2 protein chains.
Amino acid sequence: MRAVVCGESGIEFTSEFARPVLGINQTLLRVRVAGICDTDLQLARGYMGFRGILGHEFVARDDRGRRVTAEINHSCRRCATCLADRSGERPGLARHCPNRTVLGILNQHGAMADWVAVDSRNVHAIPDEIDDRAAVFIEPLAAALRVAEQLGGVEKVDCAVLGAWALEDSGALVTWIGKHPEKLALAESKADTRLVEDARSEGRKYAVVVDATGSKSGFPDALGLVEPRGTIVLKTTVAGRHEIMLSPVVVDEVRVIGSRCGAFEPAIAALRAGRFDVTRLIEAEFRLDEAARAFEAASRPGARKVLLWCD
Amino acid sequence: MRAVVCGESGIEFTSEFARPVLGINQTLLRVRVAGICDTDLQLARGYMGFRGILGHEFVARDDRGRRVTAEINHSCRRCATCLADRSGERPGLARHCPNRTVLGILNQHGAMADWVAVDSRNVHAIPDEIDDRAAVFIEPLAAALRVAEQLGGVEKVDCAVLGAWALEDSGALVTWIGKHPEKLALAESKADTRLVEDARSEGRKYAVVVDATGSKSGFPDALGLVEPRGTIVLKTTVAGRHEIMLSPVVVDEVRVIGSRCGAFEPAIAALRAGRFDVTRLIEAEFRLDEAARAFEAASRPGARKVLLWCD
């Protein structure tokens, strides 16, 4: 089958990848469209040391022809971490299962291919109201909604969002800060959208700062924006080590919260209700065999979502 | 007067420093004894660029002969930060006043001298039940108690404490981890005291990890101990930048909380009630003019509290 593979020398398209062999509790899905995420770009640069088919944002059809997508963390459902989730004690904790594989990220082939094998229990049907191009955003929207979930109430709280899209439906007073006008122009009208070239010129006035820049400068910039005892939400995973001053975190008693995946149900419900116009975030669309060009487009500074059509 | 000064070439004792001239709302105190804190060692290495008399843990006598100590943050009491504290809306926020000076740390001479000038409103009387050697610990104990305050309830929670003393009276299940047996031997009997040379051999099993190592290895070690969605409390201020991998914070949704100063009242009450035997933490005692030897003793790996007697 055709597939976009992350190898030693970066991204490669092949038409000769073996079709997945199903494991226990797995379902074979025919992929329709997949999105390129900043994490894919990081993986191509060596983050996590991943080797295999990329892709963890996608729309597919199952063997009954239903339109579906799937959560990306395949947990063992047996360890203490998974059981604490299942018991209701710590909802969502199974996403941190120490035995997990992660679709297109960790020890599991992803969806930029003709076919993908996923854990049957991770499959979600896509309601008719959400078309394919919007449904690609279920996974990234779930991750974006996770930020507000972790923060608890942020109604009327001054928040700065660096580099991406978050908190727009949370009731927070959101200021978008970024270097790319074409991205900022996409902020929902209810957000106080501004283009700030040097985040440090803003001063330390935000109770919450979300760093979703995907860049090494995101965390230092966030430290320059957050007020004492304020909160930085880290969404950015950057490959490798980088030089950081941690003393401002201590002196100013800043709280830093790492934020990764979210639950799919609220994201699907939000898209179904038309609460977010996600298709405006699409930068460009390519066929699967144009993967090289697609990744080039997604790597351009300020680029939004790039789609890969797989059938 | 005599003083221990932090200058370009590190620590220096002088007997010819000018006696403080009092500013508005200031009180002159005759210093009896001061403690050397890890922060003082960091300042001597260039942290914060401080130049002046060191010392922010001390016991003194005021002009009425009362035994006193003083909080270290001299806030302006006028800005929005200070007013949010005074209104009761955000207790303790004045410690983050953007216009503050900090005793022996930021734009204000400290207490390793014959005399020290402090904000009169920062002065606390020391009850008779707390002798001078214990009273030196009011400031560091206040900072230690701040950890539990920030965490909220930690009753029966598995906590690891790296390099120092925290959470012992919080009801948490505390494991001490450190490289120095002589320090670990000091842990209260109710703590599960263990000597772990390589923190990473423990595995990621602690809901809370406190890094009070004063060392660059503290944060990476804490990341190796904290469970997914767990909390790292950063007490360590290390001079300069250092290389850090932030991606585990994101992937494991770790919460990092910076922790600095605490309120003096609970620390004074705890010492008065005999809840902590702090004098066991004293490593050595010197006269003020022996400051060079005292700082040498305090810099020894594994060293506990070193006192400087000023009268």
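Refer to the structure printed above.
Residues numbered from 1 in each chain as written. Chains lettered and ligands numbered in written order. Predicted model: local features only at pLDDT ≥ 70, side-chain atom pairs only at ≥ 80, totals over all residues. Heavy atoms only, no water.

S.K.: Would you mind going over the overall build of chain A with me for this structure?
M.R.: Scanning chain A from N- to C-terminus turns up 9 helices and 19 strands. Across its three principal directions, the C-alpha atoms of chain A cover 55 × 45 × 40 Å. Looking at chain A as a whole, 58% of its 311 residues qualify as buried. The contacts in chain A between residues at least 6 apart in sequence include a share of 63% that link residues at least 24 apart. When the 41 basic and 43 acidic side-chain charges of chain A are each reduced to a single mean position, those positions are 3 Å apart. (Helix = DSSP H or I, 4+ residues; strand = E, 2+ residues; numbered from the N terminus. Buried < 20%, exposed > 50% of the residue type's maximum accessible area, 1.4 Å probe, protein only. Contact = heavy atoms within 4.5 Å. Lys, Arg positive; Asp, Glu negative; His and termini not counted. Charge placed at Lys NZ, Arg CZ, Asp CG, Glu CD.)

S.K.: What's the story with the packing of helix α4 (residues 138–151) of chain A against helix α8 (residues 264–272) of chain A in this structure? I'm lost.
M.R.: Two measures define how a pair of helices packs: the angle their axes make with one another and the distance between the axes. Residues and elements named next belong to chain A. As a packed pair, α4 and α8 sit with axes 8 Å apart at the nearest point and diverge in direction by 110°. The angle between α4 and α8 places the two elements in the roughly perpendicular class. From α4, Ile138, Glu139, Leu141, Ala142 and Leu145 reach across to α8, where they touch Phe264, Pro266, Ala267, Ile268, Ala270 and Leu271. Of the residues that constitute the contact of α4 with α8, the class distribution is 10 nonpolar, no polar and 1 charged. (Axes fitted to C-alpha atoms, helices over the stretch in contact; angles between N-to-C directions. Parallel < 35°, antiparallel > 145°, perpendicular 65-115°, else oblique. Nonpolar A, V, L, I, M, F, W, Y, C, P; charged D, E, K, R; others polar.)

S.K.: Explanation requested: α8(A) in the structure shown.
M.R.: In an α-helix, one turn spans 3.6 residues; hence positions three or four apart end up facing the same way. All names here are of chain A. Phe264, Ala267, Ile268, Ala270 and Leu271 are the residues of α8 that are buried. Along the long axis of α8, the arc covered by the buried residues comes to 160°, so they all point the same way. Of the surrounding elements, those touching the buried residues of α8 are β6 (67–70), β10 (123–125), α3 (132–135) and α4. Note on α8: the residue one or two positions beyond its end, Gly274, has a positive phi of about 70°. (Arc of directions from axis to C-beta.)

S.K.: What exactly am I supposed to notice about the sheet that holds strand β1 (residues 3–7) of chain A here?
M.R.: Pairing between the strands of a sheet comes from backbone hydrogen bonds, and it takes one of two forms, parallel or antiparallel. Residues and elements named next belong to chain A. Spatial ordering of the open sheet is given by β2-β1-β4, a layout of 3 strands whose pairing is antiparallel. Two strands lie at the open edges of the sheet, namely β2 (10–14) and β4 (52–53), each paired on one side alone. Across 2 bridges, β1 lies against β4 in antiparallel orientation. Bridged to Val5 within β4 is Ile53. (Pairing = 2+ DSSP bridges.)

S.K.: Just checking my understanding: could you explain the packing of aromatic side chains for this structure?
M.R.: The way to describe two aromatic rings as a pair is by their centre distance and the angle between their planes. This model, assessed by the stated rule, comprises 0 aromatic pairs over all chains. Above the ring of Trp115(B), the side-chain terminus of Arg30(B) is found at 5.6 Å from the ring centroid. (Phe/Tyr/Trp six-rings, centres within 6.5 Å; stacked < 30°, edge-to-face > 60°. Lys NZ or Arg CZ within 6 Å of the ring centre and 35° of its normal.)

S.K.: Please clarify how the sheet that holds strand β4 (residues 52–53) of chain B should be interpreted in this entry.
M.R.: Overall, antiparallel pairing links the 3 strands, which are arranged β2-β1-β4 (chain B) in an open sheet. Looking at which strands have only one partner, the edges of the open sheet turn out to be β2 (10–14) and β4 of chain B.

S.K.: Explain the interface of chain B and chain A to me, please; I cannot follow it from the model alone.
M.R.: Listed as interface residues are 40 residues of chain B and, on the opposing side, 40 residues of chain A. Buried surface at the junction of chain B and chain A, both sides included, amounts to about 3,500 Å², of which 55% is carbon and sulfur. Connecting chain B to chain A are 4 salt bridges. Summed over the shared surface of chain B and chain A, the result is 19 residue pairs in polar contact (both at pLDDT 80 or more). Every element with two or more residues in the side of chain B that touches chain A is listed here: α4 (138–151), β15 (226–234), β16 (242–244), α7 (247–251) and β17 (255–258) of chain B. Of the residues that constitute the side of chain B that touches chain A, the class distribution is 17 nonpolar, 10 polar and 13 charged. In the sheet, strand β17 (residues 255–258) of chain A pairs with β17(B) via 3 bridges, with the strands oriented antiparallel. For Ile257(A), the partnering residue across the bridge sits in β17(B) and is Arg255(B). (Buried area = accessible area lost by both parts, 1.4 Å probe. Salt bridge = Lys/Arg side-chain N within 4 Å of Asp/Glu carboxyl O. Polar contact = N/O pair within 3.5 Å; in protein donor to acceptor, adjacent residues only side chain to side chain.)

S.K.: Honestly, the pattern of salt bridges in this entry has me stumped. Any pointers?
M.R.: Charged atoms that come close allow side chains of opposite charge to pair. All names here are of chain A. In this structure the tally under the stated criterion is 42 salt bridges over all chains. Between Arg133 and Glu285 there is a salt bridge, and its shortest N-O distance comes to 2.7 Å. Of this pair, Arg133 sits in helix α3 while Glu285 sits in strand β18 (residues 282–287), and the two are 152 residues apart along the sequence. Residue Glu285 is classed as partly exposed on the basis of its relative accessible area, which comes to 35%. In this structure, Glu290 engages Arg293 in a salt bridge whose closest nitrogen and oxygen atoms are separated by 3.3 Å. Ionic contacts of the salt-bridge type, sharing partners, join the residues Arg32, Arg67, Asp132 and Asp311 into one network.

S.K.: Hey, could you run me through empty space enclosed by the protein in this one?
M.R.: Rolled over the atoms, a probe with the dimensions of a water molecule shows which regions are left empty. Summed over all chains, the structure comprises 4 cavities of 30 Å³ or more. There is about 60 Å³ of room inside the largest cavity. Taken together, Asp211(A), Ser215(A), Lys216(A), Phe219(A), Leu234(A), Thr236(A), Val238(A), His242(A), Leu246(B) and Ser247(B) form the lining of the largest cavity. Classifying every residue of the lining of the largest cavity gives 4 nonpolar, 4 polar and 2 charged. Put simply, the second largest cavity is a space of about 50 Å³. What lines the second largest cavity is simply Leu246(A), Ser247(A), Asp211(B), Ser215(B), Phe219(B), Leu234(B), Thr236(B), Val238(B) and His242(B). (1 Å grid on protein atoms, 1.4 Å probe; cavity = no way out; pocket = protein on both sides within 12 Å on 5 of 7 lines; lining within 4 Å. Points joined across faces, edges and corners; volume = space filled by probe spheres on them.)

S.K.: Please explain the relation of the copies chain B and chain A as it appears in this structure.
M.R.: Both copies of the chain are related by a screw-like operation: a rotation about an axis and a shift along it. Overlaying chain B with chain A gives an RMSD of 0.0 Å, the required rotation being 180° about an axis along which the chain moves by 0.0 Å. Viewed as a symmetry operation, the transformation between the two copies matches a two-fold axis. Residue Glu243(B), judged by its C-alpha, is the member of chain B lying nearest the rotation axis, at 2.1 Å. Residue by residue, 100% of the interface of chain B is reproduced at the interface of chain A, so both copies engage with the same surface. (Least-squares fit on C-alpha atoms with pLDDT ≥ 70 in both.)

S.K.: Could you clarify how one ought to interpret the pairing of strand β14 (residues 206–211) of chain A in this entry?
M.R.: A regular strand carries its side chains on alternate faces of the sheet. Residues and elements named next belong to chain A. Burial analysis of β14 places 5 of its 6 residues in the buried class, the great majority of the element. As judged from the 4 bridges shared by strand β11 (residues 158–162) and β14, these two strands associate in the parallel manner. Its bridge partner being in β14, Val161 is matched across the sheet by Val210. Two strands pair when backbone bridges link them, and β14 and strand β15 (residues 226–234) are joined in this way by 5 bridges, in the parallel orientation. Following the sheet pairing, Val209 is matched in β15 by Ile232. In this region the chain leaves β14, passes through helix α6 (residues 218–225) and returns to the parallel neighbour β15; the handedness of that crossover is right-handed. (Right-handed = clockwise from strand over helix to strand, strands pointing away.)

S.K.: Would you mind going over the environment of Gly218(A) with me for this structure?
M.R.: By the element assignment, Gly218(A) lies in helix α6. Along the primary structure Gly218(A) and Ala199(A) are separated by 19 residues, whereas in three dimensions their C-alpha atoms are 9.3 Å apart.

S.K.: Help me understand helix α6 (residues 218–225) of chain B, please; the structure alone is not making it clear to me.
M.R.: With respect to burial, α6(B) is a largely interior element, 7 of its 8 residues being buried. Along α6(B), the residues classified as buried are Gly218(B), Phe219(B), Asp221(B), Ala222(B), Leu223(B), Gly224(B) and Leu225(B).

S.K.: What is the right way to read the pairing of strand β18 (residues 282–287) of chain B from this model?
M.R.: Residue and element names in this part refer to chain B. Pairing geometry for β18 and strand β19 (residues 305–309), over 5 bridges, is parallel. What sits directly across from Glu285, in β19, is Leu307. Regarding the hand of the β-α-β motif, the stretch spanning β18, helix α9 (residues 291–299) and β19 is right-handed.

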